[in-house]
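# Coordinates in review
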Amino acid sequence: MPVIAVRGITKHFGSVQALRGVDLDVHQGEVVGLIGDNGAGKSTLVNILSGSLQPHSGTIMIDGKPVSFASSLEARRQGIETVYQDLSLAPDLSVWQNIFLGREELAKGPLRFAGWLDRRAMVRGAETDLERTRIRIGSVSSLAGRLSGGQRQAIAVGRAVAWGSRVLLMDEPTAALGVEQQEKVGELVRSVASQGVPVLLITHNLPQVHRLADRVVVLYHGRAVVDLRCSEASVDDMVSWITGAALGEHHAS
Amino acid sequence: MNVRLPPALTSSGAQPVRAGPDGEETQRSALLSAVDRFGNYWMLGVFVLMLLAFGLASPRHDLFTRASWLNISQYAVEFLLLAIGQTFVIITGGIDLSDGAVLGFTGMVSGVVMQGLLNSHANTTLTTVAGFATAILLGAAIGFLNGYLITRLRLPPFVVTLGSLTAFGAGATPLINGGNEVINLPSQIGTIGQTLIAGWVYVTVLVAAVACVVMGLVLHRTRFGLRTYAIGSNVTGARRAGIRVDNHLVRVYTMSGLLAGVAGMMVMCNFTDASPLAGQNDELNAIAAVVIGGASLFGGRGHMLGTVVGTFIIALLVTGLVLLNVSGSWQQVATGIILVGAVAVDQVRLRLAER
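Everything numeric here is computed off the predicted structure, so don't read it as measured data.

## Some points on the packing of helix α7 (residues 203–221) of chain B against helix α10 (residues 245–271) of chain B
Residues and elements named next belong to chain B. The interhelical angle for the contact between α7 and α10, taken along N-to-C directions, is 165 degrees, at an axis separation of 10 Å. Considering the angle they form, α7 stands roughly antiparallel to α10. As α7 runs across α10, the sense of the crossing is left-handed. Taken together, the residues of α10 that come into contact with α7 (itself represented by T204, V207, A208 and A211) are L259, V262, M266, C269 and N270.

Structure representation (structure tokens):
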């Protein structure tokens with residue numbers, strides 16, 4: 001059974017049909033790339049899966065159960081964590097504060113009612129979480145804003161994984177990174193997937209997605225037109241599907 | 001015991017940044033933590049230097065006397081109370097230009113209420129309690145209004161609180177009691193203002209100190225404080241983390257107004273009257289104190305201890321220059337220089353800190 005199954009999702013903005021019935025499966029242990037040209041519907045699909053937009057029709061199932069969410073918070077509660085392109089980190093807060101933001105652990109006893117933080121528990125929790133995802137940050141008390149791009153990405157991923165998500169959405173994870181950092185994020189993505197949280201990778205970077213993903217799904221004019229195994233398809237094959245050349249037709253609209 | 005460092009300090013001090021995975025980052029960390037350590041304490045150094053300079057320059061070194069301490073601390077009360085609320089507001093990335101006006105307005109309304117009660121022969125203790133309740137609730141209400149307009153109408157804090165400053169400070173306050181001071185107040189008001197604890201601490205100073213400690217703990221140890229930083233640091237991220245940003249901001253501005261109400265009462269106790277001139281321009285000193293204390297007007301950074309140091313720097317400037325017989329205008333010039341200097345040094349520090 002796929003961890004997340006998307007069936008016949010449609011979405012239009014006024015007269016513009018952004019998604020025309022998208023099907024997509026992500027299985028346990030997989031890294032799946034979602035690629036497509038600008039305007040193919042990638043961002044719309046991501047926003048629907050992360051709860052920021054609601055589809056007009058179609059179903060989303062997690063572990064076989066249909067789900068729907070009115071907000072990104074609900075999507076998260078149902079097990080879809082999104083690592084946004086901007087990472088959503090507070091640069092002035094420490095690593096552990098970022099990891100626990102919004103789900104803070106409070107002290108036991110009367111101070112709990114004053115919202116007193118259990119700092120020690122959160123520092124320990126953050127260390128355990130990062131260790132489990134094999135992320136090395138140094139001190140979890142470092143400010144997020146002082147870390148390198150790759151480390152920041154790692155915290156955002158670590159935070160998402162730590163909260164017991166069923167599937168991880170990553171939107172252009174390496175857009176702002178140098179080559180070396182991209183490598184590290186790549187390792188991170190693979191390690192997350194191998195630990196049981198499948199990853200849906202939305203990216204423009206074809207060579208990278210070819211290297212990282214098990215499969216890629218190509219969106220073209222609001223449809224998932226093909227599902228390619230990376231071991232069988234080349235980057236050139238991807239390009240011809242993205243541009244529509246592989247369809248043997250050129251859409252006028 | 002393990003001291004929990006505030007977000008603004010966490011990468012330095014007791015817990016040095018551990019070496020990153022590669023050598024280049026190790027070097028950077030060493031530089032950073034040195035820069036950070038300097039950044040956290042240099043204003044305290046400025047304060048000590050000022051203390052020494054004024055102390056040695058003043059005739060007979062009378063800065064270092066009990067009388068001078070009582071003066072400075074009493075003078076600092078109103079700025080400290082305003083600056084506490086302002087610290088929270090500024091850390092969220094906002095600003096409260098209205099707190100001085102709220103101080104004056106709540107003091108006058110409270111004064112008139114107490115005068116009315118006294119004229120109808122009410123019990124003076126109850127009258128005093130009613131006066132405090134009036135100022136504090138009214139201050140909180142104006143703060144709530146500020147927060148409500150900022151979050152629900154999506155107006156910039158600068159505009160909303162400038163509106164409040166104008167409406168209450170320049171507009172409403174002079175209309176109360178015909179623009180005259182209210183001097184017919186319960187005797188308890190004067191008693192509170194004049195009572196010294198152990199000969200060294202005015203009750204009003206104790207009130208400000210308690211407010212400072214309590215709000216400092218709220219800022220640095222509670223979920224409310226953490227979320228205050230988070231909102232100022234990355235508001236979108238805070239929303240995505242499930243924080244109800246608008247509610248939080250309303251609470252922060254309400255608190256700022258409430259503390260301005262308390263400040264209004266403290267000023268009234270110090271002077272044993274309610275004056276329509278009270279609190280004028282105080283908001284600028286409060287903002288200056290917070291910024292000198294290391295807060296960023298862009299939000300996300302600031303510290304309660306820094307605010308205390310900033311407040312005492314301003315209070316020391318005023319009283320120190322008075323001791324040296326320098327006119328009040330020069331005190332404003334000096335505050336301005338320190339303010340700009342503090343921000344300039346901070347900017348250089350940040351630029352050094354960013355790769």
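## Some thoughts on the sheet that holds strand β1 (residues 4–13) of chain A
Residue and element names in this part refer to chain A. Pairing is antiparallel in the open sheet, where four strands are placed in the order β2-β1-β4-β5. Because the sheet does not close on itself, it has two edges, and the strands there are β2 (16–26) and β5 (65–67). Going from strand to strand, the sheet's axes swing by 30 degrees on average, the running direction of each strand aside.

## Some remarks on unusual backbone geometry
Despite not being glycine, L87 of chain A has its phi angle at roughly 75 degrees, a positive value. Its location among the elements puts L87 of chain A in the loop between β6 (80–83) and α3 (95–100).

## A look at the sheet that holds strand β8 (residues 199–202) of chain A
All names here are of chain A. Reading across the sheet, the six strands line up as β6-β7-β8-β3-β9-β10 and stay open at both edges, with mixed pairing between neighbours. The open sheet has two free edges, formed respectively by β6 and β10 (223–229), since each of these has just one partner strand. Pairs of neighbouring strands in the sheet enclose a mean axial angle of 20 degrees, with direction left out of account. Relative to β8, strand β3 (residues 31–36) runs parallel, the two sharing four bridges. When the sheet's bridge partners are listed, V31 is paired in β8 with V199. Its contacts with the sheet place helix α6 (residues 179–194) against β3, β7 (167–171) and β8, and it is angled at close to 150 degrees to β8.

## Quick word on the confidence of the model for chain B
All names here are of chain B. With 88% of its residues at a pLDDT of at least 70, chain B reaches an overall mean of 87. Counted against residues more than four places away or in other chains, residues 1–26, with its pLDDT under 50, gives 58 contacts. Both confidence scores are given for the complex: pTM 0.86, ipTM 0.83.

## Here's the deal with the pairing of β6 of chain A
Residues and elements named next belong to chain A. What you see with β6 is no split at all: I80 and T82 on one side and E81 and V83 on the other are buried throughout. Pairing analysis gives four bridges linking β6 to β7, with the strands arranged parallel. Counted as the bridge partner of V83 is M170 from β7.

Rules used in this analysis
- Residues numbered from 1 in each chain as written.
- Chains lettered and ligands numbered in written order.
- Predicted model: local features only at pLDDT ≥ 70, side-chain atom pairs only at ≥ 80, totals over all residues.
- Axes fitted to C-alpha atoms, helices over the stretch in contact; angles between N-to-C directions.
- Helix = DSSP H or I, 4+ residues; strand = E, 2+ residues; numbered from the N terminus.
- Parallel < 35°, antiparallel > 145°, perpendicular 65-115°, else oblique.
- Left-handed = near helix turned anticlockwise from the far one by under 90°.
- Contact = placed C-beta atoms within 7 Å.
- Pairing = 2+ DSSP bridges.
- pLDDT = per-residue confidence, 0-100.
- Buried ≥ 20, exposed ≤ 12 C-beta atoms within 10 Å, placed from the backbone.

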